[in-house]
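Tertiary structure, described
Residue strings, one per chain:
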Amino acid sequence: MHDKGFETICIHGGHSEESNRAHITPVYASSTFTFDSTEHAADVFLEKKDGYIYSRWGNPTISEVERKVAMMEAYGIKNSAGEPLLLKALLHSSGMSAITTMLLSNIKAGEKIITHYSLYGGTQELLDKILPDLGIEAVIVDFHNIEAVEETIKADDAISLMYIETPANPTLQCIDLNELSTLGKSYGLTVCADNTFATPYLQQPFKYDVDYVMHSTTKFLNGHGNAIGGIVIGKDIEKMNTIVTKKHRLLGGNSNAFDAFLLNNGLRTFCLRMERHCSNAQKIAEYLNAHEAIEKVNYLGLPSHPDHNTAMGQMKNGGAIMSFELKGGYEAGKEFTDKLKLCVNAVSVGTADTLVSHPASTTHVGVKHKDRIKFGITNGLIRMSVGIETVEDLIADIDQALEGYKSKPIYNGLLL
Ligand SMILES: *Cc1c(COP(=O)(O)O)cnc(C)c1O
């Protein structure tokens, strides 16, 4: 039998027959599970028999989606023995919770994390405000400069973990997974990657031998914007089943059956959604690139992006997230956002509808101008997570919001 395709895994992966033969695994809204006898209970506790005990420790609706996401990240990858890679996933209440479990399972007081600029804001704050109190420090280096990364690792024995996020907010910086992971592993570091923006549809960090992948499942994996969630996936199954599971259970970042159900439901259409998200994004990026009102478009699918080649080497296409700068600066950014009628003004990414935000007046309104600029958040910068609507409708909406700028572009022979 040939290996199942990725789309098939997104639909059927991880499913096991349910005792009442429900077609779709139901929401197991039950905090605890019963035993036939004390002996049965003992067997389940000792893991001699499969079974559930208490939903902070595991739940059937949650297990199904954990198995599915593990299969998606492992898809088509072989381990060092040439066998299909096996991964283990643990679903959490949020992306932040998954990242916390992974970090606290792999690093302790006195050790350091090597990482780069432009991490997700919450992750950056975790490194800045929580971990130092536990005796864990972060060292920040430009991950585009592999020599500098190596020098830094060589010079500091305390560095034990490499934390990668690619592509990253808001300018879609992309760094080389293969180069970085190979270097990190050669110095014995634990290497992990936040794969939220790319998803396993576009990029699989386990191909490059990383140890862990984390996701905010809130974004493209759920895809409908109706549940916060996160997942950590690891290839050291023994460690996942012991140390990481223990941290997950004791830190209390468990997901719940309803959110797991929504995630599983979203994953059934994941591939179709991603195809449309990405093809819409490519068309919108090309349209914006030709528009007079736009100073610059940051989209990995455009050859003008400085990391285009790196991205195309490790991602299937340019993805569904972009940012662009309006020539008119802060006021133009606000005006544009307010004029949109179809695109939704909201933070977050990865929902079926197109989300737009103007960081300078919203998420980063409290950040000093010079600090914002350092992270590429210029006054007129707009971030867009492209949805799966009819692309002509999205372009028409953007177009009317850019009105006032003369000389309309001709896009694909279509005068808008
Ligand atoms: C949203 C996000 C997170 C945090 O996830 P939550 O589900 O909001 O806790 C982490 N990393 C990236 C790249 C994200 O986009």
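In case you missed it, the structure is sitting above this.
A brief look at the structure comes next. All of these numbers come straight from a predicted model, not from anything done at the bench.

A separate point is empty space enclosed by the protein. A complete count under the given rule lists three cavities of 30 Å³ or more for this structure. Empty space within the largest cavity amounts to approximately 50 Å³. Pro167, Leu172, Phe197, Ala198, Leu202, Leu300, Met315, Gly318, Gly319, Ala320 and Ile321 are the residues that line the largest cavity. For the lining of the largest cavity, the class distribution of residues is nine nonpolar, two polar and no charged. Each of domain 1 (6-267) and domain 2 (272-415) gives at least three residues to the lining of the largest cavity.

We now examine the pattern of salt bridges. Under the defined criterion, the tally for this structure stands at 10 salt bridges. The residue Glu17 makes a salt bridge to Arg21 at a minimum N-O spacing of 2.8 Å. Grouping residues by exposure puts Glu17 and Arg21 together as exposed. Residue Lys235 is joined to Asp209 by a salt bridge in which the shortest nitrogen-to-oxygen separation is 2.5 Å. Taken together, the residues Lys235 in the loop between strand 7 (230-234) and helix 9 (237-251) and Asp209 in the loop between helix 8 (199-202) and strand 6 (212-216) connect sequence positions 26 residues apart. Residue Lys235 is classed as partly exposed on the basis of its relative accessible area of 25%.

What follows is about the site of the ligand. Near the ligand, the surroundings consist of 14 residues, among which Gly95, Asp194, Ser216, Thr218 and Lys219 are the closest. Interatomic distance of 2.9 Å between a backbone N/O atom of Met96 and an oxygen atom of the ligand. Within the side chain of Asp194, a nitrogen or oxygen atom sits 2.7 Å from a nitrogen atom of the ligand. The protein chains hide 92% of the 380 Å² of surface that the ligand would expose on its own. The element contributing the most residues to the shell around the ligand is helix 4 (residues 95-106), with three residues. Counted by class, the shell around the ligand contains five nonpolar, six polar and three charged residues.

This next bit is on the layout of surface pockets. Taken as a whole, the largest pocket spans an internal volume of roughly 1400 Å³. Lining the largest pocket we find 45 residues, and of these Ser63, Glu66, Arg67, Lys88 and Asn241 sit closest to its centre. For the lining of the largest pocket, the secondary-structure elements that each account for two or more residues are helix 2 (38-45), helix 3 (60-74), strand 1 (88-92) and helix 9. In terms of residue class, the lining of the largest pocket is built from 21 nonpolar, 12 polar and 12 charged. Of the volumes computed, that of the second largest pocket is approximately 750 Å³. Every residue lining the second largest pocket is counted, 25 residues in all, and those nearest its centre are Leu119, Tyr120, Gly121, Asn169 and His364. Contributions of two or more residues to the lining of the second largest pocket are made by helix 5 (121-130) and helix 14 (369-374). For the lining of the second largest pocket, a count of residues per class yields 10 nonpolar, eight polar and seven charged.

About the criteria used
- Along each chain, the written sequence defines residue order, and numbers are assigned to residues from 1.
- Reporting of local features is limited, given that this is a predicted model, to residues whose pLDDT is at least 70; pairs of side-chain atoms are given and counted only at 80 or more, and all residues count toward the totals for whole chains, interfaces and linings.
- To obtain the side-chain values, all non-hydrogen atoms of the structure were included, while hydrogens and water were left out.
- The way it works is a 1 Å grid over only the protein atoms, where trapped points that fit a 1.4 Å probe form a cavity and open points with protein on both sides within 12 Å along at least five of seven lines form a pocket, and then any residue with an atom within 4 Å of a point lines it.
- Grid points are joined across faces, edges and corners, and a volume is the space filled by probe spheres set on the points.
- Residues are grouped as follows: nonpolar covers Ala, Val, Leu, Ile, Met, Phe, Trp, Tyr, Cys and Pro; charged covers Asp, Glu, Lys and Arg; every other residue, Gly included, is treated as polar.
- Marked domain ranges trace back to an automatic or database domain assignment.
- When a carboxyl oxygen of Asp or Glu is within 4 Å of a side-chain nitrogen of Lys or Arg, the pair counts as a salt bridge.
- Residue exposure (1.4 Å probe, protein chains only): buried if accessible area is under 20% of the type maximum, exposed if over 50%, otherwise partly exposed.
- We count a stretch as a helix when DSSP gives it H or I for four or more residues in a row; a strand needs E for two or more, and each element gets its number in order from the N terminus.
- The cutoff for a nearby residue is simple: one of its non-hydrogen atoms must lie within 4 Å of the molecule or strand.
- Side-chain atoms alone can form a polar contact between residues adjacent in sequence; in general such a contact is a pair of N or O atoms within 3.5 Å, and within protein one must be able to donate a hydrogen while the other accepts it.
- Surface accessibility follows the Shrake-Rupley procedure with a 1.4 Å probe radius. Residue values consider only the protein chains on display as shielding.

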